[in-house]
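Next come the chains, spelled out residue by residue.
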Amino acid sequence: MNRRIETAEILAIGSELLTPFRVDTNSLFLTARLNELGVVVRRKAVVGDRRDDLAACVREALARVDLVITTGGLGPTDDDLTREVVADVLRRTLTVDETILAGIEARFARRGVPMPAINRRQACVPDGATVLPNSEGTAPGLLLEHEGRLIALLPGPPREMQPMFARAIAPLVEARSPGRRLQRRVVKVTGRSESQVEEIANPIYTSLNRDGVVVDTTILATPGQIEVHLESAGEDQQAIAAVLDEGVARLAAALSPAVFSTDGRTLEDVVGDTLRARGWRVAVAESCTGGLLGGRLTEVPGSSAYVLGGVIAYDNAVKIRDLDVPASTIDEHGAVSEPVAAAMAAGVRRRFGAEIGVAITGIAGPGGGTAAKPVGTVCIAVATPDTVTARTLLFPGDRDAIRRHSTSAALDMVRRALSV
Ligand code: ATP
């Protein structure tokens, strides 16, 4: 019986991928597709065009997982070594396949040029390999089985590699592991640090594994947002769904009210849906974020239903002239203060005729901080028909991170104002 395919390793081959100028994106594509098929990627590596490094990586990978996928290094030049090295590691001889050779020659002929002699290499096939036709380029892929494990050699260019994976590898994986799928749930949190989330979430996800369902957890932190990913691969989709759903419910309860999404929606989506449900429209007044909040709100298609507009009030004169912030409030408390944020939110709400106004004023740095108001100090206010609420927050990181944090915190304040 064929060995099941549950684990994989990806080797992205090419010295150019070890320079600062090229990024390995093939492994991201492959990881996403393999996960959909229930295959867990145990390791991926980027390896240069060096025979011994490549041989060591291939050997190690074959000892560890059910499926090894390499991309790149199938070209005609001397530094394209994948085919030879894999044949060597598996002790297979390479022979020129006349049909492949004729195909490559025909491809060149169609372009009106003779095939360079070096392209013969691309027609070399190790003993026992299955040839994977390349609809988009000259180098065919190769599939080999070694002691029950599979190794697939795919071309480097994504436009060649992706259709080859879909046509030749995905059906094979599916046939070897019928019914196996990876399910993932994502719990999104804002307003908490990664370590706070980890502290609360850890006891929950360590207690989830049961009924043969093993849950893997990953925490992804970006400025202003933490995502807890729960995932599990297997055949019993119902059991997996039950365990993951229970995990989501327990995490949502423990981290509430900081959890804003368990169904894939972004913070902007959630705020938009809530505004729409309430029939409210929002206007924004932004100082240190210079339009980023308005940008995030309007990233959502259909946001014209609830976004009226906004003012980038970077200069104090604009805060006074366009948002009716009293000059005396700025003089007394400073531009970065809760009273100024509150006046901006109330002003933009009134000026635009919105039900809800939101304002951000802060010090994004790197300059402009003081002992009392260091870089990262941001005041955010939300004005509704009933109240104006203002908060002062201190965000870590550089200018970009502080600005991103500020917009997430502002969106979250809107979300919370709407939930009462
Ligand atoms: P070719 O026959 O076109 O030379 P090949 O299989 O030898 O194919 P490489 O020469 O290794 O592939 O890579 C060709 C190009 O494909 C690279 O210059 C790069 O643009 C792209 N590429 C290679 N590997 C990757 C990767 N891991 N992620 C994204 N792009 C890649």
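Please refer to the structure higher up on the page.
Residues numbered from 1 in each chain as written. Predicted model: local features only at pLDDT ≥ 70, side-chain atom pairs only at ≥ 80, totals over all residues. Heavy atoms only, no water.

J.: Please set out the overall build of the chain residue by residue, giving values where relevant.
T.: For the chain, the helix and strand inventory stands at 13 helices and 17 strands. Relative to the 2.2 N^0.38 estimate, which gives 22 Å for 420 residues, the radius of gyration of the chain is 28 Å and therefore markedly larger than a compact globule would have. Along the longest, intermediate and shortest principal axes, the C-alpha atoms of the chain span 85 × 55 × 40 Å. Classification of the 420 residues of the chain by burial places 50% in the buried group. Contacts in the chain between residues at least 24 apart in sequence constitute 68% of all its contacts with a sequence separation of at least 6. (Helix = DSSP H or I, 4+ residues; strand = E, 2+ residues; numbered from the N terminus. Rg over C-alpha atoms; globule rule 2.2 N^0.38 Å. Buried < 20%, exposed > 50% of the residue type's maximum accessible area, 1.4 Å probe, protein only. Contact = heavy atoms within 4.5 Å.)

J.: Which residues make up the sheet that holds strand E8 (residues 149-154), and what values go with them?
T.: Pairing between the strands of a sheet comes from backbone hydrogen bonds, and it takes one of two forms, parallel or antiparallel. Taken together, 6 strands build an open sheet; the order of strands is E2-E1-E3-E8-E7-E6 and the sheet is mixed. The open sheet has two edge strands with one neighbour each: strand E2 (40-47) and strand E6 (130-132). Each adjacent strand pair in this sheet contributes to an overall mean axis angle of 20°, direction not counted. Two strands pair when backbone bridges link them, and strand E1 (residues 7-13) and strand E3 (residues 67-71) are joined in this way by 5 bridges, in the parallel orientation. The partner of Ala12 across the bridge, within E3, is Thr71. The strands touched by helix H1 (residues 26-36) within the sheet are E1, E2 and E3, with E2 carrying the most contacts at an inclination of about 165°. (Pairing = 2+ DSSP bridges. Axes fitted to C-alpha atoms, helices over the stretch in contact; angles between N-to-C directions.)

J.: Give me the site of the ligand: which residues, what numbers.
T.: Taken together, 20 residues are adjacent to the ligand, and Asp24, Thr25, Leu74, Gly75 and Gly156 come closest. Within the backbone of Thr25, an N or O atom sits 3.0 Å from a nitrogen atom of the ligand. At a separation of 3.3 Å, an oxygen atom of the ligand approaches a polar side-chain atom of Asp80. Protein burial of the ligand: of its 620 Å² of free accessible surface, 77% is covered by the chains. (Near = heavy atom within 4 Å. Polar contact = N/O pair within 3.5 Å; in protein donor to acceptor, adjacent residues only side chain to side chain. Areas by Shrake-Rupley, 256 points an atom, 1.4 Å probe, with all protein chains shown as cover.)

J.: Residue-level account of the side chain of Ser232, with values.
T.: Examined against the element boundaries, Ser232 turns out to sit in strand E11 (residues 225-234). Judged by relative accessible area, which is 2%, Ser232 ranks as buried. The contacts of Ser232, once residues within four sequence positions are left out, are Arg181, Leu182, Gln183, Val213, Val214, Val215, Ile240 and Leu244.

J.: An account of the sheet that holds strand E14 (residues 307-312) is requested, with residue identities and associated values reported.
T.: Strands sit in the order E14-E13-E15-E16-E17 across an open sheet of 5 strands; the sheet is mixed. Two strands in the sheet have a free side with no partner beyond their single neighbour: E14 and strand E17 (388-394). Each strand of the sheet is rotated relative to its neighbour by a mean of 15°, with strand direction disregarded. Bridge count between strand E13 (residues 282-286) and E14: 5 bridges; the pairing is parallel. Counted as the bridge partner of Ala283 is Gly309 from E14. With respect to the sheet, helix H10 (residues 316-323) is in contact with E13, E14 and strand E15 (356-362), its orientation differing from that of E14 by roughly 140°. Its contacts with the sheet place helix H12 (residues 338-352) against E13, E14, E15, strand E16 (377-383) and E17, and it is angled at close to 145° to E15.

J.: Talk me through the packing of aromatic side chains; I want residue IDs and the actual numbers.
T.: Taken as a whole, this structure holds 1 aromatic pair when the rule is applied. With a centroid separation of 6.2 Å and 85° between ring planes, the pair formed by Phe29 and Phe165 is classed as edge-to-face. Pair noted here: Phe29 is in helix H1 and Phe165 is in helix H5 (residues 158-176), with a separation of 136 residues, a long-range link. Phe29 gets classed as buried once you look at its relative accessible area, which sits at 17%. The cationic tip of Arg111 hangs over the ring face of Phe108; the distance from NZ or CZ to the ring centre is 5.0 Å. The aromatic ring of Trp280 is capped on one face by Arg278, whose charged end is 4.7 Å from the ring centroid. (Phe/Tyr/Trp six-rings, centres within 6.5 Å; stacked < 30°, edge-to-face > 60°. Lys NZ or Arg CZ within 6 Å of the ring centre and 35° of its normal.)

J.: Residues and numbers for the environment of Ala55, please.
T.: In this fold, Ala55 is placed in helix H2 (residues 51-64). Assessed through its relative accessible area of 12%, Ala55 is described here as buried. For Ala55, the contacting residues outside a window of four places in its chain are Val85 and Val89.

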